[in-house]
Amino acid sequence: MVPCTPKRKTRSSTTLSTPKSSRKPSDTTPANTPRKSPEPRTPKTPRNATPRIPIRNQATEKPANVLEEARLRLHVSTIPVPCLPEEEFQDIYNFVESKLIDGTGGCMYISGVPGTGKTATVHEVIRCLQQAAENDELPSFQFIEINGMKLTDPHQAYVQILQLLTGQKVTATHAAELLAKLFSTPGPKRKTTVLIVDELDLLWTRKQDVMYNLFDWPTQRQAKLIILAIANTMDLPERIMMNRVASRLGLTRMSFQPYTYKQLQQIISSRLNHIKAFEEDAIQLVSRKVAALSGDARRCLDICRRSTEICEFSSQKSASGLVSMAHVMKAIDEMFSSPYINSIRNASLHEQMFLKAIIAEFRRSGLEEATVQQIYHQHVALCRIEGLQIPTVSEIMAICSRLGACRFLLVESNNKYLHVRVRLNISQDDVMYALKQE
Ligand code: ATP
Ligand code: MG
């Protein structure tokens, strides 16, 4: 992670790194607001009054102390600028840049587990490209974005894309037809469109038509469409299409790796930007814990923010007045206090081993679903390492259905014995946290 590449030299980091102040003057406690004396006759609202937002006659409050400022900087909605994954940034940038220059299109499939900086990096790429286009270093392009999470139904993707492109608002079926026509008709004067499809996983439909179209449109030369599709699942394209077809689509792939301990440490430090709110070993502790569990930057920032609150309102202040390891430990315990965690800790040895085997299998395959057979292989390997007796297949099936009954797992209902597919119904972080020996 290098803060700047030559491509990004034009960035003005000062404006971007300033956190937005979210404190409003109304944050004062109710006790401070003057009590209303017996109701004087309130004047009636004038008939033709125009509603308007009250004008603020004071500037927004500055953070009251170091801890509050740290909290604002650590907020996940604050724009991250420094230390985005450098190589991924550059690859995505180069991909879009080359297509823009050639006047062609294509789709890049970007995957990775939550909190690995996918959305942040892609947005930063677009910002840098827009800047380059403004400076006439690149052909200008039309940028639009949709997010699977924000759509009520996958087919609404068509409606949104068409509306963003042309302003037309029509039904999903009609929009799909119009888009297909648009992307197959040559438009020599048309600018290239860059479309971000975030949270692509949620556009899964039974006929898989939405995802199929998203992968297919950019292959048509006249479409001049560049799609950056962001998903958590690594193999969506293969699941949608037969492998052969998936390769015909010529998707360019990129996968984001979970952040390492050092990277998380760097992310926190750069967010704090020299404000001394944390003891050094407290930052190390959060980074190590999160890196060992998931490498999720969002979780990391959440824990840091909560730690500052615990520190501020704690009666046992550390000698330095800064956020200490004790505050961080408390925040971590709070974050992972789902009732599931206790149940996992109280589960039998082989049930715990089965959960570990699931995670091992998910990590191996990069998928979030596995058959009992695949998990069984991992289970056996783990037993060998730990010197435990290896359970029989029917014992494994029993463990699996018990964990399913406790809702730790989602187990396919049709009985396919060892080929039954299993998913976790709780977050991998929670399982890892519960099973970690202190
Ligand atoms: P998801 O799969 O859940 O959508 P994601 O990979 O898109 O996750 P982001 O939304 O990009 O993750 O990042 C999660 C949070 O962590 C955001 O608040 C983002 O600002 C922050 N973050 C991620 N990477 C960095 C970084 N390198 N520097 C600073 N902040 C970061
Ligand atoms: Mg995202």
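Numbering of residues starts from 1 in each chain and follows the order in which that chain's sequence is written. Written order determines the labels here, with chains lettered from A and ligands numbered from 1. At least 70 in pLDDT is required for a residue's local features to be given in this predicted model, at least 80 for side-chain atom pairs to be given and counted, and no such filter applies to totals for whole chains, interfaces and linings, which use all residues. Each side-chain value is derived from all of the structure's non-hydrogen atoms; neither hydrogens nor water enter the calculation.

Details of helix H10 (residues 261-272)
Argument step 1. The end-to-end C-alpha distance of H10 is 17 Å, a good match for the 16 Å that 12 residues give at a rise of 1.5 Å each.
Argument step 2. Burial status follows relative accessibility: with a 1.4 Å probe on protein chains alone, a residue under 20% of its type maximum counts as buried, one over 50% as exposed, and anything between as partly exposed. Going along the chain from the N terminus, every DSSP run of H or I of four or more residues is numbered as a helix, and every run of E of two or more is numbered as a strand. When we look at burial in H10, the residues that qualify are Tyr261, Leu264, Gln265, Ile267, Ile268, Arg271 and Leu272. Projected down its long axis, H10 carries its buried residues within an arc of 160 degrees, all on one side.
Argument step 3. Phi for Asn273, located one or two positions after H10, is positive at around 45 degrees. By definition here, a helix of n residues has an expected span of 1.5 Å times n minus one. Of all possible arcs, the one meant is that of the directions from the helix axis to the C-beta atoms.

Here we look at the pattern of salt bridges
Argument step 1. Any carboxyl oxygen of Asp or Glu within 4 Å of a side-chain nitrogen of Lys or Arg constitutes a salt bridge here. Summed over all chains, the structure comprises 10 salt bridges.
Argument step 2. Between Arg127 and Glu124 there is a salt bridge, with the nearest N and O atoms lying 3.2 Å from each other. With a gap of three residues between them, Arg127 and Glu124 both fall in helix H4 (residues 118-134), about one helical turn apart.
Argument step 3. Given a relative accessible area of 23%, Arg127 falls into the partly exposed group.
Argument step 4. On the basis of relative accessible area, Glu124 is assigned to the buried category, the value being 3%.
Argument step 5. Between Glu369 and Arg421 there is a salt bridge, with the nearest N and O atoms lying 3.1 Å from each other. A residue pair is termed long-range when its members are at least 10 positions apart, and Glu369 in the loop between helix H15 (349-365) and strand S6 (370-371) and Arg421 in strand S8 (residues 421-424) qualify at 52 residues.
Argument step 6. Of the residues examined, Glu369 reaches a relative accessible area of 22% and is grouped as partly exposed.
Argument step 7. Note on Arg421: relative accessible area 40%, which makes it partly exposed.
Argument step 8. Taken together, the shared-partner salt bridges connect Arg306, Glu309 and Glu334 into one network.

What about the sheet that holds strand S4 (residues 225-231)?
Argument step 1. Two strands pair if DSSP finds at least two bridges between them. An order of S2-S3-S4-S1-S5 is seen for the five strands of this open sheet, with the pairing classed as parallel. In the strand order of this sheet, the two ends are held by strand S2 (141-147) and strand S5 (252-255), each with one partner. Neighbour-to-neighbour, the strand axes of this sheet turn through a mean angle of 15 degrees, independent of strand direction.
Argument step 2. Residue contacts are defined here by distance: any two heavy atoms, one from each residue, within 4.5 Å place the two residues in contact. To define axes, lines are fitted to C-alpha atoms, for helices over the stretch in contact only, and angles between the resulting N-to-C directions are given on a 0 to 180 degree scale. Where H4 meets the sheet, it contacts strand S1 (106-111), S2, strand S3 (192-198) and S4, and its direction lies at approximately 165 degrees from that of S2.

Quick look at the packing of aromatic side chains
Argument step 1. When the centres of two rings from Phe, Tyr and Trp lie within 6.5 Å, Trp using its six-membered ring, the rings pair. Their planes under 30 degrees apart give stacked, over 60 give edge-to-face, and anything left gives tilted. Within the structure shown, the criterion is met by five aromatic pairs.
Argument step 2. Relative to Trp217, the ring of Phe183 lies with its centre 5.0 Å away and its plane at 45 degrees, an arrangement referred to as tilted. With Phe183 in helix H6 (residues 172-184) and Trp217 in the loop between helix H7 (209-216) and S4, this residue pair connects regions lying 34 residues apart in the sequence.
Argument step 3. Using a relative accessible area of 3% as the deciding quantity, one classes Trp217 as buried.
Argument step 4. These aromatic residues form a ring-pair network of at least three members: Tyr158, Phe183 and Trp217.
Argument step 5. A cation over a ring is seen here: Arg288 above Tyr261, with NZ or CZ 4.0 Å from the ring centre. Comment: the charge-over-ring label is applied if NZ (Lys) or CZ (Arg) is within 6 Å of the ring centre and within 35 degrees of the ring normal.

Nothing here speaks to function; it is all geometry.
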